[in-house]
Amino acid sequence: MAATPDIRPVGDLPDEIGKTAARELSLNGITSLQQVADRSKKELLAIHGIGPKAIAILGDALAAKGLDYKGS
């Protein structure tokens, strides 16, 4: 099995989300916390590699910038 390439850092997304989540967000055109805030948790969870842990980490990063998920 091939190793997942580590493309971090991706924009201002926290590295703690993990390399798979960072890669998949980037492949879906999401490279900033503002772009994360433009989506709901449900939309993000539908992306392969984005799970509850990444959502929690992103949520903390959003809150630190005064942002939140769409619809929250």
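Here, every reference points to the structure presented above.
Thresholds applied
- Residues numbered from 1 in each chain as written.
- Predicted model: local features only at pLDDT ≥ 70, side-chain atom pairs only at ≥ 80, totals over all residues.
- Heavy atoms only, no water.
- Helix = DSSP H or I, 4+ residues; strand = E, 2+ residues; numbered from the N terminus.
- Rg over C-alpha atoms; globule rule 2.2 N^0.38 Å.
- Contact = heavy atoms within 4.5 Å.
- Areas by Shrake-Rupley, 256 points an atom, 1.4 Å probe, with all protein chains shown as cover.
- Lys, Arg positive; Asp, Glu negative; His and termini not counted.
- Charge placed at Lys NZ, Arg CZ, Asp CG, Glu CD.
- Core = buried A, V, L, I, M, F, W, Y, C linked by side-chain atoms within 4.5 Å.
- Buried < 20%, exposed > 50% of the residue type's maximum accessible area, 1.4 Å probe, protein only.

S.K.: So, the overall build of the protein: which residues are in play, and what are the values?
M.R.: Counting secondary structure elements, the protein contains four helices and zero strands. From first element to last, N terminus to C terminus, the protein shows the α and β order α-α-α-α. For 72 residues, the compact-globule estimate of 2.2 N^0.38 gives 11 Å, and the protein sits close to it at 11 Å. When the backbone C-alpha atoms are referred to their principal axes, the protein occupies close to 40 × 20 × 20 Å. Across the protein, every contact between residues at least 6 apart in sequence was considered, and the portion connecting residues at least 24 apart equals 42%. Of the roughly 4,200 Å² of accessible surface on the protein, a fraction of 53% belongs to carbon and sulfur atoms. Across the protein, the centroid of the 9 positively charged side chains sits 5 Å from that of the 9 negatively charged ones.

S.K.: Any details on the side chain of Ser-40? Residues and values, ideally.
M.R.: Position of Ser-40 among the secondary structure elements: in the loop between α2 (33-37) and α3 (41-45). Leave out the neighbours within four places in its chain, and Ser-40 touches Tyr-69 and Lys-70.

S.K.: I'd love a proper account of the nonpolar core, names of residues and values included.
M.R.: Leu-13, Ile-17, Leu-25, Val-36, Leu-44, Ile-50 and Leu-58 are the most contacted members of the largest nonpolar core, which totals 20 residues. For this core, the secondary-structure elements that each account for two or more residues are α1 (19-27), α2 and α4 (52-64). If one sorts the elements of this core by residue count, α4 sits on top with six residues. Those residues in contact with Leu-25, other than ones at most four positions away along the chain, are Leu-13, Ile-17, Ile-30, Leu-44, Ile-47, Ile-50 and Leu-58.

The values are spatial; any link to function lies outside them.
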